[in-house]
Amino acid sequence: MKRIGFAFLAALLLMALSACAFAEDPTRVYALKGPTGIGMVGIMQENEGDYAFTLCGAADEIVAAVASGSADIAACPTNLAATLYNKTNGGVQLLALNTLGVLHVVTSDPAIQSVQDLAGRTVYATGQASVPEYVIRYILEQNGLADRVTVEYVAEHSELATLLATGQVETGILPEPHVTSAQMQNDQLRAALDVTELFEDAARAAGKEDMVLSMGCVIVRREYAQSHPDQVSAFMDAYAASVEFVNTDVSAAAQQVEAFGIMPKAAAAERAIPNCHIVFIEGDAMRAQIAPLYALLYEANPASIGGALPGDDFYYVR
């Protein structure tokens, strides 16, 4: 009887240890370096083993991790989220929007004070055949400038930042943190216009008040969301708190951004964060904001979001 009792207790102990080991498996979170990942630094700082973070330098790494099942949750561009949904037959869901527009019109020309001041000028930009191009085109069209502004595209953000910093280009449209990088090299440069605001103004003028330029988001693998709803909800709560920290204590957040390698220097991060529009928007508000943008991108180029508009099941609701 004693042997049976010990065997039974041992079995119970083994089951308990196995259950604990399973429960303590960390949520695997992938994020891009730069603005898309900045909102996570609060979670990274407070992480006690609940999450295993991987920082990526390119969106292709996010695609591979989600497709292979290596990532449970990922921060990525909003158009990539829709593309992954379509390419995985609905295998991912949108948890939240985490970054609005990070694009700014950067110039050394003091005469540029409004979008109308771009008329007759050549403006350099990055992101041809992707979201920035369609956003810029939309803004120019809604302001009657489609035929009055010449847009020349440069392959890399860093290349355009260098061209602006060295004075080879007078006016360009750049994302953060490259805006800050260029300004730190050339104090004659200023962020004259916020493209997020220009986009919202253009949308309102077109009667689309709900449409907001949202360039970064957080997605989850559907399988993981279905099997780990409590972990997903806890992550979302932690993310919302992290975004609050980033926006209210910019200096401390910038130190963490450098410490975790999201940006190389805290000084640059501190200057860039206020211009990154870091947010946490979920549920119905998330859908109301992003669905019209997806419709715009689909109209401009269906391939930009994977060939089709996401279905209702794309939008995660807890």
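Given the structure is predicted, the values throughout are model-derived calculations rather than measurements.

1. Points about the nonpolar core
- By size, the foremost hydrophobic cluster in this structure holds 98 residues, and its most contacted members are Ile62, Leu94, Phe199, Ile219, Phe235, Ile273 and Tyr294.
- Considering each element in turn, this core owes the most residues, seven residues, to helix H6 (residues 131-142).
- Sequence-distant contacts of Ile273, defined by excluding residues within four places in its chain, comprise Ile38, Val246, Val250, Ala253, Ala254, Val257 and Ile278.
- Counting residues in hydrophobic clusters, the runner-up holds 11 residues, among them Val106, Val154, Val169 and Leu189.

2. Thoughts on unusual backbone geometry
- In the segment running from Glu176 into Pro177, the intervening peptide bond is cis, with an omega of 5°.
- One can find Pro177 in the loop between strand S8 (171-175) and helix H8 (178-185).
- The phi dihedral of Ala129 falls on the positive side, at around 65°, and the residue is not glycine.
- With respect to the helices and strands, Ala129 occurs in the loop between strand S6 (122-125) and H6.
- Overall, Ala129 belongs to the exposed group, its relative accessible area being 51%.
- Unusually for a residue other than glycine, His277 sits at a positive phi of about 50°.

3. Focus: the confidence of the model for the chain
- Averaged over all residues, the pLDDT of the chain equals 92, while 92% of them reach at least 70.
- Scored below 50 in pLDDT, residues 6-22 makes one contact in the model with residues more than four places away or belonging to other chains.

4. Thoughts on the packing of helix H7 (residues 157-165) against H8
- It is the contact of H7 with H8, at a shortest axis distance of 9 Å, that shows an interaxial angle of 25°. Judged by the inter-axis angle, H7 sits roughly parallel to H8. The two elements H7 and H8 meet at a crossing, and its hand is right-handed. Every residue of H8 that contacts H7 at His157, Ser158, Ala161 and Ala165 is listed here: His178, Ala182 and Gln185.
- Among the residues forming the contact of H7 with H8, the class breakdown is three nonpolar, four polar and no charged.

5. Observations regarding the pattern of salt bridges
- According to the stated counting rule, one finds 10 salt bridges in the structure shown.
- Across the pair Asp72 and Arg28 runs a salt bridge whose closest N-O atoms are separated by 2.8 Å. A residue pair is termed long-range when its members are at least 10 positions apart, and Asp72 in the loop between helix H4 (59-68) and strand S3 (73-77) and Arg28 in strand S1 (residues 27-32) qualify at 44 residues.
- Across the salt bridge formed by Arg222 and Asp313, the nearest N and O atoms sit 3.0 Å from each other. One end of the pair, Arg222, is in helix H10 (residues 222-227); the other, Asp313, is in the segment after helix H14 (283-300), with 91 residues separating them in the sequence.
- A relative accessible area of 35% means that Asp313 is categorised as partly exposed.
- Where salt bridges share partners, they join Arg28, Asp72, Arg221 and Glu223 into one cluster.

6. Section: the environment of Ser130
- Position of Ser130 among the secondary structure elements: in the loop between S6 and H6.
- By relative accessible area, which is 24% here, Ser130 ends up partly exposed.
- In the structure, Ser130 is positioned 26 residues away from Glu156 in sequence and 13 Å away in space, judged by C-alpha atoms.
- Polar contacts involving the side chain of Ser130 include one to the main-chain carbonyl oxygen of Gly127, which spans 2.6 Å.

7. Thoughts on the sheet that holds strand S10 (residues 214-221)
- Spatial strand order, S2-S1-S3-S10-S4-S11: six strands in an open sheet with mixed pairing. At either margin of the open sheet sits one strand with a lone partner, and together these are strand S2 (51-56) and strand S11 (278-281). Pairwise comparison of adjacent strand axes, ignoring direction, gives a mean angle of 25° for this sheet.
- Strand direction decides the pairing type here: S3 and S10, joined by five bridges, are antiparallel. Paired with Ala74 across the strands is Ile219, a residue of S10.

Conventions and cut-offs
Residues numbered from 1 in each chain as written. Predicted model: local features only at pLDDT ≥ 70, side-chain atom pairs only at ≥ 80, totals over all residues. Heavy atoms only, no water. Core = buried A, V, L, I, M, F, W, Y, C linked by side-chain atoms within 4.5 Å. Buried < 20%, exposed > 50% of the residue type's maximum accessible area, 1.4 Å probe, protein only. Helix = DSSP H or I, 4+ residues; strand = E, 2+ residues; numbered from the N terminus. Contact = heavy atoms within 4.5 Å. pLDDT = per-residue confidence, 0-100. Axes fitted to C-alpha atoms, helices over the stretch in contact; angles between N-to-C directions. Parallel < 35°, antiparallel > 145°, perpendicular 65-115°, else oblique. Left-handed = near helix turned anticlockwise from the far one by under 90°. Nonpolar A, V, L, I, M, F, W, Y, C, P; charged D, E, K, R; others polar. Salt bridge = Lys/Arg side-chain N within 4 Å of Asp/Glu carboxyl O. Polar contact = N/O pair within 3.5 Å; in protein donor to acceptor, adjacent residues only side chain to side chain. Pairing = 2+ DSSP bridges.

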